Amino acid sequence: MVSRFVGRRARPAPIPEVEAALLSATSPAGPKQLLEGHKAPRCSVEVATQTAKNWGARHENEDRWMASQDSLSEMPFHIVGVLDGHDTDSASDLVSKLLPGAVAQRVKEGFPISQAYMEAFAEMEEKLKKVHATAGTCVNSCTIAGGRVWCANLGDCRTALVTLEAPTSGTLKAEAITWLSRDHRASCPIEQKRIAAAG
C-alpha cells in the first residue's frame with residue numbers, strides 16, 4: 001500500500017497581508033490634487049472580469065461589473081468596480097451603468113474622491129427608489145489615477161491590491177496583498193457605532 005502523503009509538495013509560504021491606511025490629511029483627495037503643481041502623471045489600467053452563474057438555481061446571476069475611463073485636464077482616470085445585487089438584478093444593473101458617470105462628473109468638477117462617491121451613491125439610491133422598491137446592491141469601486149488608487153465600498157464586496165514579483169520564468173507570483181476595503185455591514189462594530197451615533 002502506498003501512502004497518499006509520499007512525495008507531497010511542501011506548502012508555499014503564506015503571502016503577507018496588510019490593510020491599507022485610510023486617507024490622511026497629506027494624501028491627495030483625488031485626481032485634481034495630483035495635478036496641482038505637477039505634470040499630469042500617467043498610469044495604465046487593464047481590466048479582466050469573470051462571473052459564474054449561481055448553479056444552485058435559486059435565481060439568475062445578479063452580479064455586475066463596471067469599468068470606465070475619463071480624464072481631468074490631460075490626466076486619465078479609471079473607475080472600476082464589482083456589484084453584488086440582491087432581490088433581482090435591477091439595482092446592480094442600473095448602478096453598474098450609471099455610477100461611473102456620476103462619480104466621473106464629480107471628479108471632473110474637483111470634488112474629493114470620498115465626496116464624489118458619497119454623493120454618487122446617494123444619487124443612485126434615489127434613482128433605485130423610482131425603479132424597484134426592494135432591490136439593492138453592494139458596490140465596491142476604485143478610482144485609479146496617476147499611480148494612485150482610491151477605494152469606495154458599500155456592502156461586503158472586497159478589494160485587494162496584489163503586488164506581483166517581477167516574472168523570472170514567465171510565471172507571476174504574488175508578493176503581498178493589501179486589503180483596500182473593509183466589509184460594510186450592520187454587524188461590524190465600526191458600523192454599529194456609526195448607526196448608534198446617527199440615532
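See above for the structure.
Cut-offs used in this document
- Residues numbered from 1 in each chain as written.
- Predicted model: local features only at pLDDT ≥ 70, side-chain atom pairs only at ≥ 80, totals over all residues.
- Heavy atoms only, no water.
- Axes fitted to C-alpha atoms, helices over the stretch in contact; angles between N-to-C directions.
- Helix = DSSP H or I, 4+ residues; strand = E, 2+ residues; numbered from the N terminus.
- Left-handed = near helix turned anticlockwise from the far one by under 90°.
- Contact = heavy atoms within 4.5 Å.
- Nonpolar A, V, L, I, M, F, W, Y, C, P; charged D, E, K, R; others polar.
- Expected span 1.5 Å × (residues − 1).
- Bend = angle between axes of the 7 residues up to and from the residue.
- Buried < 20%, exposed > 50% of the residue type's maximum accessible area, 1.4 Å probe, protein only.
- Core = buried A, V, L, I, M, F, W, Y, C linked by side-chain atoms within 4.5 Å.
- Pairing = 2+ DSSP bridges.
- Salt bridge = Lys/Arg side-chain N within 4 Å of Asp/Glu carboxyl O.
- 1 Å grid on protein atoms, 1.4 Å probe; cavity = no way out; pocket = protein on both sides within 12 Å on 5 of 7 lines; lining within 4 Å.
- Points joined across faces, edges and corners; volume = space filled by probe spheres on them.
- Polar contact = N/O pair within 3.5 Å; in protein donor to acceptor, adjacent residues only side chain to side chain.

Asks: Explain the packing of helix α2 (residues 90-108) against helix α3 (residues 113-131) to me, please; I cannot follow it from the model alone.
Replies: For any two helices packed against each other, one specifies the inter-axial angle together with the distance between the axes. Running from N to C, α2 and α3 cross one another at 145°; their axes reach a closest spacing of 9 Å. The way α2 lies across α3 gives a crossing that is right-handed. Of the residues in α3, those touching α2 at Ser90, Ala91, Leu94, Val95, Leu98, Leu99, Ala102, Val103, Arg106 and Val107 are Ile113, Ala116, Tyr117, Glu119, Ala120, Phe121, Glu123, Met124, Lys127, Leu128 and Val131. Here the contact of α2 with α3 is built from residues that sort into 16 nonpolar, one polar and four charged.

Asks: Please clarify how α2 should be interpreted in this entry.
Replies: Within an α-helix, residues lying three or four positions from one another point in the same direction, as the helix has 3.6 residues per turn. In this model α2 runs 28 Å from its N-terminal to its C-terminal C-alpha over 19 residues, within 8% of the 27 Å that 1.5 Å per residue would give. The largest bend along α2 measures about 35° and falls at leucine 98, with the proline proline 100 one to four residues further on.

Asks: Help me understand the side chain of threonine 137 in this model?
Replies: By the element assignment, threonine 137 lies in strand β4 (residues 136-145). Overall, the relative accessible area of 16% leaves threonine 137 in the buried class. Leaving out residues up to four positions away in the same chain, threonine 137 has contacts with Leu83, Asp84, Gly85, His86, Ala91, Ser92 and Val95.

Asks: Just to check I follow, could you spell out the nonpolar core for this structure?
Replies: When a protein is soluble and globular, its nonpolar side chains tend to lie buried together. In this structure, Phe77, Val95, Leu99, Val103, Tyr117 and Val139 are the most contacted members of the largest nonpolar core, which totals 28 residues. Broken down by secondary-structure element, the contributors of at least two residues to this core are α1 (31-35), β2 (63-72), β3 (75-86), α2, α3, β4 and β5 (148-154). Element by element, the count of residues in this core is highest for α2, at eight residues. Setting aside residues no more than four positions away along its own chain, phenylalanine 77 makes contact with Pro31, Ser68, Gln69, Asp70, Ser71, Leu72, Ala104, Val107, Lys108, Thr143, Ile144 and Ala145.

Asks: Could you clarify how one ought to interpret the pairing of β3 in this entry?
Replies: Consecutive side chains of a regular strand alternate in pointing toward one face of the sheet and then the other. By the criterion of burial, β3 is predominantly enclosed, with nine of the twelve residues buried. Between β2 and β3, which pair antiparallel and follow one another directly, the connecting turn spans two residues, one of which, serine 73, has a positive phi of 55°. Bridge analysis of β3 against β4 gives ten bridges, and the strand direction is antiparallel. Bridged to leucine 83 within β4 is valine 139.

Asks: Sorry if this is basic, but what is going on with the pattern of salt bridges here?
Replies: Close approach of charged atoms allows side chains of opposite charge to pair. Within the structure shown, the criterion is met by nine salt bridges. Its salt-bridge partner being arginine 182, residue glutamate 19 comes within 2.6 Å of it at the nearest N-O pair. With glutamate 19 in strand β1 (residues 17-19) and arginine 182 in the loop between β7 (174-179) and α4 (189-198), this pair connects stretches of sequence that are 163 residues apart. When its relative accessible area of 48% is taken as the criterion, glutamate 19 is described as partly exposed. A salt bridge links glutamate 119 to arginine 106; its shortest N-O distance comes to 3.4 Å.

Asks: Even after reading the chapter, I still don't get the layout of surface pockets, so can you show me in this structure?
Replies: Take a probe with the size of a water molecule and roll it over the atoms, and the empty space left behind shows itself. One number sums up the size of the largest pocket: a volume of about 1300 Å³. Along its surface, the largest pocket is lined by 31 residues, and Leu22, Cys151, Ala152, Asn153 and Leu180 are the ones closest to its centre. Of the residues forming the lining of the largest pocket, the biggest block, seven residues, is contributed by β5. A class-by-class count of the residues in the lining of the largest pocket yields 19 nonpolar, six polar and six charged. In this structure, the second largest pocket occupies an estimated 860 Å³ of space. What lines the second largest pocket is a set of 33 residues, among which Ala48, Val80, Gly81, Val82 and Thr159 lie closest to the centre. Here the residues of the lining of the second largest pocket sort into 18 nonpolar, ten polar and five charged.

Asks: Just checking my understanding: could you explain the pairing of β7 for this structure?
Replies: Note that β1 and β7 share three bridges and pair parallel. Bridge pairing in β7 links valine 18 to threonine 178.

Asks: Would you mind showing me how to read the side chain of serine 90 here?
Replies: Residue placement: serine 90 occurs in helix α2. Judged by relative accessible area, serine 90 falls into the buried class, the value being 19%. At 3.1 Å, the side chain of serine 90 forms a polar contact with the side chain of threonine 88. With residues up to four places along the chain from it excluded, the contact list for serine 90 reads Leu128, His132 and Ala135.

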